Amino acid sequence: MFIEGGIAAPQGFVAGAVHCGIRKNTNKKDLAVIYSVRKCNAAAVYTQNVVVGAPIKVTKEHLVDGQAQLIICNSGNANTCNADGVDIANKMCELIADKFKVEQQDVIIASTGVIGEPLDINKISDGIERIKLHKDSAVEAAEAIMTTDIVIKEMATTFEINGNTCTVGSIAKGSGMICINMATMLGFITTDVAITSEMLQLALVKSVEPTYNMVSVDGDTSTNDMVAIMANGMANNPIIDKEDENFDKFVEALTAINLDLARKIARDGEGASKLLVVNVNGAKTKPDAAKLAKTVVNSSLVKTAMYGNDANWGRILCALGYAGVAFDPTQVGVTFKSTHGEITICENGSSVQFDESVATHVLNDEEIVIHVELNEGNECATAFGCDLTEKYVEINGSYRS
């Protein structure tokens with residue numbers, strides 16, 4: 001069941017945010033903190049980019065013991081490719097740890113924004129001095145981690161384990177520089193579930209695979225992508241220390257949260273006018289289905305066709321063909337679906353007669369489902385993306401200014 005409260009919905013968690021001057025817009029908060037009254041078991045997944053931000057290097061060191069108590073994140077500056085980047089990240093951790101009386105080792109740190117610009121620690125220090133934490137500040141924290149995002153992304157849900165009410169809350173940011181395969185964005189998750197660090201890491205990986213790992217906006221994997229989770233155990237459920245029914249319930253709740261936010265990230269793609277949902281069905285294996293769906297949703301030609309309401313299905317088959325997966329093209333079918341209806345435009349790898357005006361009407365909607373039927377097996381996968389518009393070029397042509 002989805003509930004209000006976002007990142008502060010689980011027991012024992014509070015949040016806060018301020019504008020500390022990193023971003024030029026003084027109306028935009030740019031420093032967020034998430035805090036647990038108890039030390040938590042923690043886990044994270046990171047970008048696959050070889051070039052990584054200093055905050056990721058520091059967070060990886062801090063999470064070696066699988067524990068954390070506080071998350072700090074700034075927007076407007078990625079603190080990446082800076083000679084003093086690690087020193088700045090460590091200083092941020094030191095300052096926030098002193099402010100809220102936690103161990104520096106128990107701080108998860110993240111940054112997002114422009115790459116290669118020095119980060120002013122004095123501005124961060126001033127913001128830390130002024131920040132206050134509240135149960136009702138989850139939305140402010142969600143706003144503070146945004147860069148080019150238009151929509152605030154937060155979600156919370158509850159479920160039961162052995163009669164104990166458990167809660168998971170999350171915020172995320174992501175709009176551009178997003179490509180398939182972890183992590184493609186920033187996401188912070190809190191939960192009061194009692195679970196070991198090892199099982200928490202496994203649950204996070206399992207939930208990320210069909211959600212954040214299946215999102216593409218523009219084909220660019222960022223340097224600072226991270227999804228981190230803290231679990232403080234205050235739900236007092238029997239601790240989850242193995243893969244059992246309780247573990248499955250937790251993964252289900254976690255995946256529901258991440259799926260909702262993944263869809264919001266795709267829909268909020270820079271300059272986007274449509275959410276694209278690519279379903280690949282009838283594949284021989286799950287990895288094959290996932291790879292094919294990712295390739296289609298990542299195709300610039302498919303994205304632009306969807307923006308133009310153009311039923312150019314040949315671009316879809318072309319993308320399938322270079323995905324690196326063996327399949328029989330003569331068995332493929334393609335159908336477009338939306339709230340305006342559905343239309344099949346390819347069967348057995350060939351065009352079928354269809355009314356272009358009907359196809360245009362189906363595609364002229366805010367959410368388009370591209371359904372690909374391979375007819376070769378029983379496995380399926382879904383990827384999420386958006387169309388590619390002139391606005392994307394406009395946003396990224398002036399990103400630093």
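Here the structure is a predicted model, which means the values were calculated and not measured. (Residues numbered from 1 in each chain as written. Predicted model: local features only at pLDDT ≥ 70, side-chain atom pairs only at ≥ 80, totals over all residues. Heavy atoms only, no water.)

## Re the nonpolar core
Grouped burial of nonpolar side chains is what soluble globular proteins tend to show.
Inference 1: In terms of nonpolar packing, the biggest core is built from 76 residues, with F250, F336 and I370 touching the most fellow members.
Inference 2: No other element matches the ten residues that helix α6 (residues 245-267) contributes to this core.
Inference 3: Beyond its immediate stretch of four places on either side in the chain, F250 contacts F159, V168, T191, V193, I195, L200, A203, I229 and I240.
Inference 4: Among the nonpolar cores identified, the runner-up in size contains 30 residues, and A17, I34, I145 and I171 belong to it. (Core = buried A, V, L, I, M, F, W, Y, C linked by side-chain atoms within 4.5 Å. Buried < 20%, exposed > 50% of the residue type's maximum accessible area, 1.4 Å probe, protein only. Helix = DSSP H or I, 4+ residues; strand = E, 2+ residues; numbered from the N terminus. Contact = heavy atoms within 4.5 Å.)

## Details of the packing of helix α1 (residues 54-62) against helix α2 (residues 85-100)
Inference 1: Taken N-terminus to C-terminus, the directions of α1 and α2 make an angle of 55°; their axes are 8 Å apart at the nearest point. On the basis of the axis angle, α1 is oblique to α2. In this structure, α1 meets α2 at a crossing whose hand is right-handed. For the pair α1 and α2, contact is made by A54, P55, K57, V58 and H62 and by G85, V86, A89, N90 and C93, respectively.
Inference 2: Of the residues in the contact of α1 with α2, the class split is six nonpolar, three polar and one charged. (Axes fitted to C-alpha atoms, helices over the stretch in contact; angles between N-to-C directions. Parallel < 35°, antiparallel > 145°, perpendicular 65-115°, else oblique. Left-handed = near helix turned anticlockwise from the far one by under 90°. Nonpolar A, V, L, I, M, F, W, Y, C, P; charged D, E, K, R; others polar.)

## Comments concerning the packing of aromatic side chains
Inference 1: Evaluated as defined, the whole model comprises one aromatic pair.
Inference 2: Measuring from ring centre to ring centre gives 6.0 Å for Y35 and F100, while their planes differ by 35°; the resulting arrangement is tilted. Of this pair, Y35 sits in strand β3 (residues 31-46) while F100 sits in helix α2, and the two are 65 residues apart along the sequence. For the pair Y35 and F100, one class covers both residues: buried.
Inference 3: We note K60 situated over the ring of Y46; from NZ or CZ to the ring centre the distance is 5.0 Å. (Phe/Tyr/Trp six-rings, centres within 6.5 Å; stacked < 30°, edge-to-face > 60°. Lys NZ or Arg CZ within 6 Å of the ring centre and 35° of its normal.)

## Quick look at unusual backbone geometry
Inference 1: At N236, a position not held by glycine, the phi torsion is positive, near 60°.
Inference 2: Phi angles above zero are rare outside glycine, and N348 is one such case at about 55°.
Inference 3: When you line up the elements, N348 lands in the loop between β12 (341-347) and β13 (350-351).
Inference 4: Among the residues examined, N348 registers a relative accessible area of 52% and is labelled exposed.

## Concerning helix α9 (residues 314-321)
Inference 1: Those residues of α9 not exposed but buried are I316, L317, A319 and L320. For α9, the arc enclosing every buried residue in end-on projection is 160°, short of the 170-degree limit, so these residues lie on one face.
Inference 2: Buried residues in α9 make contact with α7 (286-297), α8 (300-307), β11 (333-338), β12 and β14 (367-373). (Arc of directions from axis to C-beta.)

## Notes on the pairing of strand β7 (residues 164-173)
Inference 1: Counting buried residues along β7, eight of its ten residues qualify, which places the element largely inside the surrounding structure.
Inference 2: Taken together, the nine bridges between strand β6 (residues 153-161) and β7 define a ladder with antiparallel strand orientation. For K153, the partnering residue across the bridge sits in β7 and is A172.
Inference 3: Taking the residues that link successive antiparallel strands as the turn, the β6-β7 hairpin has two residues, and the phi of N162 there is positive, at about 50°.
Inference 4: In this sheet, strand β8 (residues 186-191) lies alongside β7 in antiparallel orientation, the contact comprising six bridges. Considered in β8, the bridge of V168 is made with T191. (Pairing = 2+ DSSP bridges.)

## Quick look at the pattern of salt bridges
Inference 1: Across all of its chains, the model carries eight salt bridges by this definition.
Inference 2: One salt bridge connects K242 with D241, and the closest N-O pair in it is separated by 3.9 Å.
Inference 3: The class of D241 is partly exposed, set by a relative accessible area of 46%.
Inference 4: A salt bridge links K242 to D244; the shortest N-O distance between them is 3.7 Å. (Salt bridge = Lys/Arg side-chain N within 4 Å of Asp/Glu carboxyl O.)

## Comments concerning the packing of α2 against helix α3 (residues 121-130)
Inference 1: For the pair α2 and α3, interaxial distance at closest approach is 10 Å and the crossing angle is 15°. With respect to α3, the element α2 is oriented roughly parallel. The chirality of how α2 crosses α3 is right-handed. Mapping the contact onto sequence places I88, K91, M92, L95, I96 and K99 in α2 and I121, I124, S125, I128 and E129 in α3.
Inference 2: Tallied by class, the residues present in the contact of α2 with α3 amount to seven nonpolar, one polar and three charged.

By themselves, these observations are geometric and do not establish any function.
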